[in-house]
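In case you want the letters, here they are:
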Amino acid sequence: MLAYVLRKLLYMPLILMGVIVITFILFFLVTSPEALARHRVGEKASQQQVLEWMAVNGYIEWTDAGRAKREAELERTEDEFDKELGKSFDDGVDYKRTSSLILFGRYIRDIARFDYGMDRRDRPVTRVLYEGMWASLALTLPAFLIAELLGVFFGLIAAMYRQTKIDHVLVISAILIASINNIALYMYGQKFLAAEWNYFPVSGYGDGFNAVRYLMLPILLYVFISYGDQLRFNRIVMLDETNQDYVRTARAKGLNENSVLFKHVLRNTLIPLITRWVVAIPTLYLGALVLESFFGIPGLGYLTVDAIANSDVNIVRATVVLGSITFMLANLLSDVLYAVADPRVKLS
Amino acid sequence: MKLLRAIMHCLLVAVVLAPLSLTTTACGGTAASLAAADQGSIVIRRSEGEDPKTIDPHKAGDTLSSRHCSMAYESLLEYDFLERPAKLVPCTAADMPTYDHATLTYTFKLREDVYFQDDRCFHPDATTFEKEGESKQALRGKGRKLTAHDYVWSFKRLSAIPDAEGFWLFEHKIVGIDAYHARAMDLFSDNPEGWRDHLNNGSVEGIWAPDDHTFCVRFIEPYPQFLYAICMSYGAAMCREAVEYYGLEIARRPVGTGPFVLTRWRFNMEIVWERNPNFRDQRFPTSDKPEHERFKPFMGKRLPIADKVHFRIIKESQPEFLEFLQGNIDITGIDKDQFSTAITPQNELTPLLRDKGIELRTWEDPYMSYIALNMDDKDIGTPAGEKGLAIRRALSLCIDRDDLIRRYLNGRGSPARHVIPASTFGYTEESAMSWQRYDPAEGRRQLAAAGFKVESIGRDLYRTTDPATGKQVSINVLIRRNDQASADYAVFLKASGDKVGVRIDSERMTFSEWLKRSNDRVGQAFDSGWIMDYPDAQNNLQLLYGPNAAQGLNYSGYNSEAYNRMYRELAPLDEADEAQRKRKGELVVQMHAELDKDLPWVMLNWNKTYSLYHSWYSHPDPNPFAYSYLKFIHSDTPKRGELATSWAKMPVLPALLMSLLLFVPAGMLLNRVIRQAR
């Protein structure tokens, strides 16, 4: 197993490099250095100011002609100013663009140094991610655990009472809940449970234990929304197992139904459940985007989307790298857990 | 099995307790806890849709950042809180500046009672924030007196940092500032020490301080808009000690002379400002005018009136609106999704809001939407001659601006027929541009007169073809958004074009992409907008000044000799001088006539702002250019606490119903499982 884990760990930098290359290409396909500059110096800045920003940040280099034009700009007489306000600088003549290869080299260098730089608000990216991660986890971790626990429990119940009224009620309720639009549920949940009836705060977040009262409603809604999918998935997994020979044998031995389900079936359904749980890990720290924005929870979900919308290259780069590493580690963990959960699985 | 039974029992207990916890969660709910927290002080509670980009005044280009900068920082002048139309008054200046026409120099005398807030950066033992971190923040030094040298240094900083948003206001205007800026840019990345020395010891020929309380600025040419420009955050005084101590962190830890001190900023959560104890003795202005009657209780009171301003960061419009309805925030705008909940079709408040004593205020925003037509385009621009002009006219005549405002702005706007808003000097009804109206029949006539073949292909559907090519006349508009609203807008444009037979195709894209394309003028037409920076017609008229095409402001690339000449004459005219004011008025009218003749833009609309206020909030008369108004605002905090608490009723029936529907069946099921397990 150790050899397998080491081999997987050795593959990781290669996979990570692939992800970084794709992100770099995609980001700079939709965002030009000019756009980045405009985001920083404003829509109303002159072309020269935009170019100066790009030069300072290594996206272009002035040519001799460009330098001469800049000098000439400074030496204009006062009479000339009102007539030719600001000269136009030409791409390739007055300045040269830094090649994409050099930009990519710098991009990789910064990642290797764990130097993610500053976000568009001049905050260190690592600090931004660190602060946001806890709020995201405070929402998603308990919500995920409760939803999984209830999902497994009701899945088992549905399997146990299959083709009875209980099974029908559970399945129909799951289908009904899964049919509700998430956004509509958040909106109506917030409007009625919080604003109209005042059972919960409408939105916000607090420090320490004070955060609990702000998290209750989003967690409740998350669990409610997840119930439909969870129940159907777990019921199918459980039913698959209950048709196995060992279950028939256990029943033939005279074990009661609860023992069969909770002692034997549950253990053998762990592999699909582990896959589901471990793959969910990266999504947990990234938060639940819509819930975070609706309920004012200062997590990473909104931050990432906000970064993409505002061409915040450093945040995008950091979340992609962090997401890729977490995802790869989660996959490795799930492989290891398979072997632990099922002795028949051999990692090689 | 014992373990299983224990788990089942725990779950059963949890299920039984769930409805109980639901009803107790809100005990001492938001309204009551806010009322308790605010007791004994005047607290303004507001919300923002996102965090400010920065509270560094030299980098704050957006309204939100500027509003927060004005809490901590001050400029030499500010807008009068009561007077309308907007009027400038001294802020940290002792009086209005004097102007020497011969040397083109403004001279400001500073007040002698202005001090920076107390801060760690003034402590004799302070090193840098990077080294000390939060640990030493409690050990503050006494804020020192503001001097004219702080303004000199601040103007130099604005010119020396590469990402200063406001530099464009002073570029090419102040003597020596361009050379200073270019040198700073050369030094910035390669020689940080040299850059720092340039910032601290270098000089700009046109900015100097003869003594501690006199600040002078000399211009290349007359620049009367300078007085407005310095009222924006870019004109604020920063102190060198704070910038050196905090480094980049200064964007989150403002140290200024303003009315408030930032005490807490938690990203995506809240921003809290509290009264600055060092703030000078500034009083609420007095006035006998009847329209200022409601401010009588505050006149002569020391500023800031509020002890604390608490901003919540609420990104979505629904929670913001619900928090407002609960009384947890004092003021809100109206998002289109909430519009029908708040406003009736008769443009009045709905009973839900009226019963809570909420007040609606509306005013014209200095924000205009327009489509800039590329005047260099071979089909619709100057090269196309009379045919191009006919297409431009047809485009303008086919758009039903009233319908556009009704559909996409919930009626919050007015059709635009001028390049300047009605509140600006120079605006006259007579100067309205004749082609900026809805008249598709006239549009078709113009096209036919120019030699195009216009034929009807259905009810209100036409097809205009160019006999020379046999192809339908078409135009491509670049839209700077890529959401559902922009898709609807594209459909609207297409339907408008059909009324004159011109095919209007739209390309929707991100704002970044749009900016690149429009700056490079790669496209036929650019869906654009402009928010006026200061109440001077020059600010909007510059968008069509030929040489500004290279600057990225003049998206249409309009370059009319006559217009340029008039703009050059208008820009330096001072409205304070009666003769110059008269001439400026004439020029604004003539420039509109010139634009009407060439039609480089299709004007769409001016925006209208709708704001809702609670009865306890003393809202100002709107001045969209002023950011430093929160020091004048009062919020009756006890009244808010009382009313908001009384609105926060918690009905028992829904909780019981939910229990019956959800928790009772779940409890019964669990019980059955437990019984079977036994």
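How each quantity is defined
- Residues numbered from 1 in each chain as written.
- Chains lettered and ligands numbered in written order.
- Predicted model: local features only at pLDDT ≥ 70, side-chain atom pairs only at ≥ 80, totals over all residues.
- Heavy atoms only, no water.
- Helix = DSSP H or I, 4+ residues; strand = E, 2+ residues; numbered from the N terminus.
- Buried < 20%, exposed > 50% of the residue type's maximum accessible area, 1.4 Å probe, protein only.
- Areas by Shrake-Rupley, 256 points an atom, 1.4 Å probe, with all protein chains shown as cover.
- Lys, Arg positive; Asp, Glu negative; His and termini not counted.
- Charge placed at Lys NZ, Arg CZ, Asp CG, Glu CD.
- Rg over C-alpha atoms; globule rule 2.2 N^0.38 Å.
- Axes fitted to C-alpha atoms, helices over the stretch in contact; angles between N-to-C directions.
- Parallel < 35°, antiparallel > 145°, perpendicular 65-115°, else oblique.
- Contact = heavy atoms within 4.5 Å.
- Nonpolar A, V, L, I, M, F, W, Y, C, P; charged D, E, K, R; others polar.
- Buried area = accessible area lost by both parts, 1.4 Å probe.
- Salt bridge = Lys/Arg side-chain N within 4 Å of Asp/Glu carboxyl O.
- Polar contact = N/O pair within 3.5 Å; in protein donor to acceptor, adjacent residues only side chain to side chain.
- Pairing = 2+ DSSP bridges.
- Phe/Tyr/Trp six-rings, centres within 6.5 Å; stacked < 30°, edge-to-face > 60°.
- Domains from an automatic or database assignment.
- Core = buried A, V, L, I, M, F, W, Y, C linked by side-chain atoms within 4.5 Å.
- Expected span 1.5 Å × (residues − 1).
- Disulfide = S-S within 2.5 Å.

Visitor: Would you mind showing me how to read the overall build of chain B here?
Guide: Along the backbone of chain B there are 22 helices and 20 strands. Structurally, chain B occupies a C-alpha span of about 95 × 75 × 60 Å along its principal axes. Looking at the 678 residues of chain B, the share that counts as buried comes to 60%. Summed over all atoms, the accessible surface of chain B reaches about 27,100 Å², with 53% contributed by carbon and sulfur. In chain B, the 84 positive side-chain charges and the 91 negative ones have mean positions that sit 6 Å from each other.

Visitor: Quick question: what am I supposed to make of the overall build of chain A here?
Guide: Within chain A, the secondary structure is distributed over 16 helices and 2 strands. A compact globule built from 348 residues would reach a C-alpha radius of gyration of about 20 Å, whereas chain A, at 28 Å, exceeds it by more than 25%. In terms of principal-axis extent, the alpha carbons of chain A reach across some 100 × 60 × 35 Å. Taking all 348 residues of chain A together, the buried fraction comes to 52%. Of the side chains in chain A, 35 bear a positive and 35 a negative charge, and the two mean positions are spaced by 12 Å.

Visitor: Please explain the packing of helix H6 (residues 177-190) of chain B against helix H7 (residues 192-201) of chain B as it appears in this structure.
Guide: In helix packing, the relevant descriptors are the interaxial angle and the interaxial distance, both defined with respect to the helix axes. Residues and elements named next belong to chain B. Where H6 meets H7, the axes come as close as 6 Å, and the angle between the chain directions of the two elements is 150°. Regarding the angle of H6 to H7, the classification is roughly antiparallel. Contacts between H6 and H7 involve Tyr180, Arg183, Ala184, Leu187, Phe188, Ser189 and Asp190 from the former and Pro192, Gly194, Trp195, His198 and Leu199 from the latter. For the contact of H6 with H7, the residue count by class is 7 nonpolar, 3 polar and 2 charged.

Visitor: How should the interface of chain B and chain A be read in this particular structure?
Guide: Quoted interface sizes are often the accessible area lost when the parts come together. In this assembly, 86 residues from chain B lie in contact with 77 residues from chain A. When chain B packs against chain A, close to 7,300 Å² is buried across both sides, 57% of that on carbon and sulfur atoms. The tally of links between chain B and chain A comes to 5 salt bridges. Close ionic contact of Asp207 of chain A with Arg266 of chain B constitutes a salt bridge, the shortest N to O distance being 2.4 Å. Our enumeration of links across chain B and chain A arrives at 17 residue pairs in polar contact (both at pLDDT 80 or more). Breaking the side of chain B that touches chain A down by element, the ones donating at least two residues are helix H1 (2-25), helix H2 (30-38), H6, helix H10 (317-326), helix H17 (511-519), strand E19 (525-531) and helix H22 (653-677) of chain B. Counting residues per element, the side of chain B that touches chain A draws most heavily on H22 of chain B, which supplies 10 residues.

Visitor: Got a minute to help me understand the sheet that holds strand E6 (residues 207-211) of chain B in this structure?
Guide: Where strands meet in a sheet, backbone hydrogen bonds hold them as pairs that are either parallel or antiparallel. Residue and element names in this part refer to chain B. Read from one edge of the open sheet, 4 strands run E4-E5-E7-E6, paired in antiparallel fashion. Looking at the sheet topology across the chains shown, the edges are occupied by strand E4 (98-100) and E6. Direction aside, the axes of adjacent strands within the sheet are offset by 25° on average. Against the sheet, helix H5 (residues 148-160) makes contact with E6 and strand E7 (214-218), and its axis sits at roughly 170° relative to E6, the strand it touches most.

Visitor: Any chance you could explain the packing of aromatic side chains here in plain terms?
Guide: Remark: the centre distance and the inter-plane angle together describe each pair of aromatic rings, the angle taken between the planes. Per the counting criterion, the structure on display carries 51 aromatic pairs over all chains. Between Trp53 of chain A and Tyr59 of chain A, the ring centres sit 6.0 Å apart and the planes meet at 15°, which makes this aromatic pair stacked. The exposure class assigned to Trp53 of chain A is buried, which follows from its relative accessible area of 8%. With centroids separated by 5.5 Å and ring planes inclined at 40°, the aromatic side chains of Phe155 of chain B and Phe215 of chain B adopt a geometry described as tilted.

Visitor: What is the right way to read the domain arrangement of chain B from this model?
Guide: Residue and element names in this part refer to chain B. Taken domain by domain, chain B comprises domain 1 (2-33 + 307-358 + 614-677), domain 2 (51-258) and domain 3 (366-608). Centre-to-centre, using C-alpha coordinates, domain 1 lies 45 Å away from domain 3. Contacts between domain 1 and domain 3 engage 6 residues on the former and 7 residues on the latter. Of the roughly 580 Å² buried where domain 1 meets domain 3, counting both sides, 68% is carbon and sulfur surface. Three residues stand out in domain 1 for area buried against domain 3, namely Lys336, Phe339 and Phe625, and they jointly supply 82% of the buried area on that side.

Visitor: Even after reading the chapter, I still don't get unusual backbone geometry, so can you show me in this structure?
Guide: Residue and element names in this part refer to chain B. Along the chain, Arg84 connects to Pro85 via a cis peptide bond; the corresponding omega equals 0°. As for its position among the elements, Pro85 is in the loop between strand E2 (77-79) and strand E3 (88-90). Residue Leu303 is joined to Pro304 through a cis peptide bond whose omega torsion reads -5°. By secondary structure assignment, the location of Pro304 is in the loop between strand E9 (270-275) and strand E10 (308-313). A positive phi angle, close to 55°, is found at Leu104, a residue other than glycine. Mapped onto the fold, Leu104 is located in the loop between E4 and strand E5 (105-109).

Visitor: I keep staring at the nonpolar core and nothing clicks. Help me out?
Guide: Most often, soluble globular proteins keep nonpolar side chains buried together rather than apart. Phe108, Phe170, Ile174, Phe215, Phe226, Trp273 and Phe284 of chain B are the most contacted members of the largest nonpolar core, which totals 101 residues. Ranked by residues supplied to this core, first place goes to H5 of chain B with 7 residues. Formed jointly, this core draws a minimum of three residues from each of two domains, domain 1 (2-33 + 307-358 + 614-677) and domain 2 (51-258) of chain B. Ignoring sequence-local partners within four residues, the contact set of Phe170 of chain B consists of Phe155, Leu158, Ile177, Phe226, Ala229, Ile230 and Tyr234 of chain B. Counting 38 residues, the second largest nonpolar core, distinct from the first, contains Leu16, Phe24, Val41 and Tyr95 of chain A.

Visitor: Whenever I open this one, H5 of chain B confuses me. Can you help?
Guide: Since the α-helix packs 3.6 residues into each turn, any two residues three or four apart lie on the same face. All names here are of chain B. The end-to-end C-alpha separation of H5 is 19 Å, in line with the 18 Å expected for 13 residues at 1.5 Å each. In terms of residue burial, H5 counts as a mostly covered element, since 12 of its 13 residues are buried. For H5, the elements touching its buried residues are H6, H7, E6, E7, helix H8 (226-229) and helix H9 (240-246).

Visitor: I keep staring at the side chain of Ser317 of chain B and nothing clicks. Help me out?
Guide: The residue Ser317 of chain B is located in helix H10 in this model. A polar atom in the side chain of Ser317 of chain B sits 3.4 Å from the side chain of Gln338 of chain B.

Visitor: Would you mind going over the sheet that holds strand E16 (residues 471-472) of chain B with me for this structure?
Guide: All names here are of chain B. Pairing within the open sheet is antiparallel, and its 3 strands lie in the order E14-E15-E16. Edge positions in the open sheet fall to strand E14 (453-458) and E16, since each of these has one partner strand only. Inspection of the sheet shows E14 paired to strand E15 (residues 461-466) by 5 bridges, in the antiparallel sense. Looking at the pairing, Lys453 lines up with Thr465 of E15.

Visitor: What should I look at first to understand the domain arrangement of chain A in this one?
Guide: Residues and elements named next belong to chain A. For chain A, the assigned domains read domain 1 (33-112) and domain 2 (125-341). Look at where the C-alpha atoms of domain 1 and domain 2 centre, and you get two points 49 Å apart. Contacts between the two partners involve 5 residues from domain 1 and, on the opposite side, 5 residues from domain 2. With both sides pooled, the region where domain 1 packs onto domain 2 buries about 510 Å², and carbon together with sulfur makes up 66% of that total. The interface formed by domain 1 and domain 2 includes 1 salt bridge. With a shortest N-O distance of 3.7 Å, Asp110 and Arg317 are connected by a salt bridge. For the pair domain 1 and domain 2, the interface holds 0 residue pairs in polar contact (both at pLDDT 80 or more). Mapped onto the side of domain 1 that touches domain 2, the elements with two or more residues apiece are helix H2 (33-41) and helix H6 (100-112). Tallying contributions element by element places H6 first for the side of domain 1 that touches domain 2, with 3 residues. Partitioned by chemical class, the residues of the side of domain 1 that touches domain 2 number 3 nonpolar, 1 polar and 1 charged.

Visitor: Explanation requested: the state of the cysteines in the structure shown.
Guide: What we call a disulfide is simply a covalent bond connecting the sulfur atoms of a pair of cysteines. Residue and element names in this part refer to chain B. In this structure the tally under the stated criterion is 0 disulfides over all chains. Cys91 provides the cysteine sulfur closest to Cys69, a residue in no disulfide bond, and the two sulfurs are 14 Å apart. Its relative accessible area of 1% is what places Cys69 among the buried residues. Unpaired in this structure, Cys239 has its nearest cysteine sulfur neighbour in Cys121, at a distance of 4.7 Å.

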